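The residues making up each chain are set out below.
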Amino acid sequence: MDTGTHLVIGLGLAGLSQIDPSISANTAATTAVFIGTVVGSQIPDIDGLLRFKGNALYIRNHRGRSHSLPALPLWTLLITGALAPFFHGISFLHLAMWIGIAVCVHVFTDCFNTYGTQAIRPFSEKWVSWNIIHIFDPFIFTSHIAAIFMWSFHLAKPQLIFPTLYGLLALYYIWRTLDHAIIEKGLYRKDATYQPGDKYTLIVTFNLYVWNVVKECTDGTYQLGELKSGKLKWLDAITCSDHPAVEVSKQHEDIQALLYFSSFTCAEVKEHRWGYEVRWADVRYRHRKQFPFVGVIRMDRNFQTLDSYVGWVNDTKLEKKLKVDLY
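Keep in mind that this is a model prediction, so the values were computed, not measured.

### Describing the sheet that holds strand 7 (residues 293-300)
So, step 1. Taken in spatial order, the 4 strands make up an open sheet running 5-6-7-8, and their pairing is antiparallel. Edge positions in the sheet fall to strand 5 (265-272) and strand 8 (305-312), since each has one partner strand and no second. Put simply, the sheet's adjacent strands are angled 10° from each other on average, direction ignored.
So, step 2. Pairing of strand 5 with strand 6 (residues 275-282), which is carried by 8 bridges, proceeds in the antiparallel orientation. Within strand 6, the residue paired with Ala 267 across the bridge is Trp 280.

Okay, structure coming up:
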């Protein structure tokens, strides 16, 4: 989820903690849990600071170790240990429990997005991305804002507001999960070009009733489409290049970062007077006929790197980031 949604979830969990008598009966405990759940709902994304050391390092590690199974108790204990000395007479275990819930909810909700997490690390470095909930979901965000507003102005007791909120959200997640599974399973029936062996990935969009579709064809090509009002429309077809420059590009750290993160990549090669441009794109993120999540490397005729870039960018800004003139 985005930072704003994680924040309101942290506030919402602070409100939910009022169902715990050891928290609601103690002002100090309420304050400690309030701080703890807000921090706990944000702390796994502290790896965003890696962006300052370079996009390749950031892409390879964001939502990686910081969202792994060992990180869950580590973040919980660090935050609880930092808060406990300032709040005497409160239950360490209850404080840790609510902070732990906030940390776990952060990682769990991130798994529902397309970006995903390495939530089952160290058992596997696989990226868990279920493509079910958009990174910013209006219903999740606005329902939290409404609940926090009611709590702030004492329109109802938090013991009523927040169990109701999270009960509704549980039903919402179940509905979206089942809807996604049923639609994805039946995509081949909507595709007149279906061939045995084709694989479909259904990807959530901001609109609840519009889905993006990625089809991996048996010949190694991709078809990209949109499912709207139950109708599947193909928008683009991509053939991946097998030029020798593609294989060489895989040795560069920027390209390795993209390939490590995504299994939906495709390379395109363009030849210029000075050499080759290899552009790897994550085909899941097609937007306005462009692919904003790319890894690009420019090489001379001897396959020596001239310049490279990996990250989120449009075509216009990409040219400003790469120093080699195309002409």
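### Examining the nonpolar core
So, step 1. One finds Leu 95, Ile 133, Ile 140, Phe 162, Tyr 166 and Tyr 173 to be the most contacted residues of the largest nonpolar core, which totals 39 residues.
So, step 2. Secondary structure elements with two or more residues in this core: helix 1 (3-16), helix 3 (27-40), helix 5 (71-83), helix 6 (92-110), helix 7 (138-152) and helix 8 (158-185).
So, step 3. For this core, the leading source of residues is helix 8, giving 7 residues.
So, step 4. What Ile 140 contacts, discounting residues up to four positions off in sequence, is Met 1, Thr 5, Ile 133, Leu 169, Tyr 172 and Tyr 173.
So, step 5. Tyr 58, Ile 59, Tyr 276 and Trp 280 belong to the second largest nonpolar core, which has 21 residues in total.

### Points about the UniProt feature "transmembrane region" (unreviewed entry) in the protein
So, step 1. As recorded in UniProt, the sites labelled "transmembrane region" (unreviewed entry) are residues 69-90, 96-115, 127-153 and 159-175.
So, step 2. Secondary structure over residues 69-90 splits into 59% helix and 0% strand, and the C-alpha atoms at its two ends are 27 Å apart.
So, step 3. Span residues 159-175 is 100% helix and 0% strand, its end C-alpha atoms 25 Å apart.

### Some thoughts on the side chain of Ser 17
So, step 1. If you trace the backbone, Ser 17 turns up in the loop between helix 1 and helix 2 (21-24).
So, step 2. Given a relative accessible area of 1%, Ser 17 falls into the buried group.
So, step 3. Among all residues touching Ser 17, those that are not within four sequence positions of it are Ile 23, Val 33 and Trp 98.

### Overview of the packing of aromatic side chains
Two measures describe an aromatic ring pair: the distance that separates the ring centres and the angle between the ring planes.
So, step 1. Tallying each qualifying case throughout the model produces 21 aromatic pairs.
So, step 2. Where Phe 112 meets Tyr 173, the ring centres are 4.8 Å apart and the plane angle is 85°; that geometry is what we call edge-to-face. With Phe 112 in the loop between helix 6 and helix 7 and Tyr 173 in helix 8, this residue pair connects regions lying 61 residues apart in the sequence. For the pair shown, Phe 112 and Tyr 173 are each scored as buried.
So, step 3. An aromatic cluster of three or more residues is present, and its members are Phe 108, Phe 112, Trp 130, Phe 139, Tyr 172, Tyr 173 and Trp 175.
So, step 4. The ring of Tyr 276 carries the charged tip of Arg 301 above its face, separated from the ring centre by 5.1 Å.

### Structural notes on the state of the cysteines
So, step 1. With the rule as written, the count across this model stands at 1 disulfide.
So, step 2. Counting only cysteine sulfurs, Cys 111 is the nearest neighbor of Cys 104, a cysteine outside any disulfide, at a range of 11 Å.
So, step 3. Cys 217 takes part in no disulfide bond, and the closest cysteine sulfur, belonging to Cys 240, lies 10 Å away.
So, step 4. Looking at Cys 217, the relative accessible area reads 16%, which means it is buried.

### Concerning the environment of Leu 95
So, step 1. With respect to the helices, strands and loops of the structure, Leu 95 is situated in helix 6.
So, step 2. Sequence separation between Leu 95 and Ser 17 is 78 residues, and the spatial gap between their C-alpha atoms is 9.5 Å.
So, step 3. Setting aside residues up to four positions removed in sequence, Leu 95 forms contacts with Ala 32, Val 33, Thr 80, Leu 83, Ala 84 and Ile 90.

### With respect to helix 6
So, step 1. Here helix 6 spans 27 Å end to end across 19 residues, near enough to the 27 Å set by a 1.5 Å rise per residue.
So, step 2. Those residues of helix 6 that sit buried are Leu 95, Ala 96, Trp 98, Ile 99, Gly 100, Ala 102, Val 103, His 106, Val 107, Thr 109 and Asp 110.
So, step 3. Those residues of helix 6 hidden inside the fold are in contact with helix 1, helix 2, helix 3, helix 5 and helix 8.

### Some points on the pattern of salt bridges
So, step 1. All chains considered together, the criterion is met by 10 salt bridges.
So, step 2. Close ionic contact of Asp 236 with Arg 286 constitutes a salt bridge, the shortest N to O distance being 3.4 Å. Taken as a pair, Asp 236 in strand 4 (residues 231-238) and Arg 286 in the loop between strand 6 and strand 7 lie far apart in primary sequence, 50 residues in all.
So, step 3. On the basis of relative accessibility, which here comes to 24%, the residue Arg 286 falls in the partly exposed class.
So, step 4. Note that Glu 271 is salt-bridged to Arg 301, the shortest N-O span being 3.3 Å. Highlighted residues: Glu 271 in strand 5 and Arg 301 in the loop between strand 7 and strand 8, separated in sequence by 30 residues.
So, step 5. Its relative accessible area of 39% is what places Arg 301 among the partly exposed residues.
So, step 6. One salt-bridge network, held together by shared partners, links Asp 191, Asp 198 and Lys 215.

Reading the values: the criteria
- Residues numbered from 1 in each chain as written.
- Predicted model: local features only at pLDDT ≥ 70, side-chain atom pairs only at ≥ 80, totals over all residues.
- Heavy atoms only, no water.
- Pairing = 2+ DSSP bridges.
- Helix = DSSP H or I, 4+ residues; strand = E, 2+ residues; numbered from the N terminus.
- Axes fitted to C-alpha atoms, helices over the stretch in contact; angles between N-to-C directions.
- Core = buried A, V, L, I, M, F, W, Y, C linked by side-chain atoms within 4.5 Å.
- Buried < 20%, exposed > 50% of the residue type's maximum accessible area, 1.4 Å probe, protein only.
- Contact = heavy atoms within 4.5 Å.
- UniProt positions renumbered as here; feature names shortened; annotations may be inferred.
- Phe/Tyr/Trp six-rings, centres within 6.5 Å; stacked < 30°, edge-to-face > 60°.
- Lys NZ or Arg CZ within 6 Å of the ring centre and 35° of its normal.
- Disulfide = S-S within 2.5 Å.
- Expected span 1.5 Å × (residues − 1).
- Salt bridge = Lys/Arg side-chain N within 4 Å of Asp/Glu carboxyl O.

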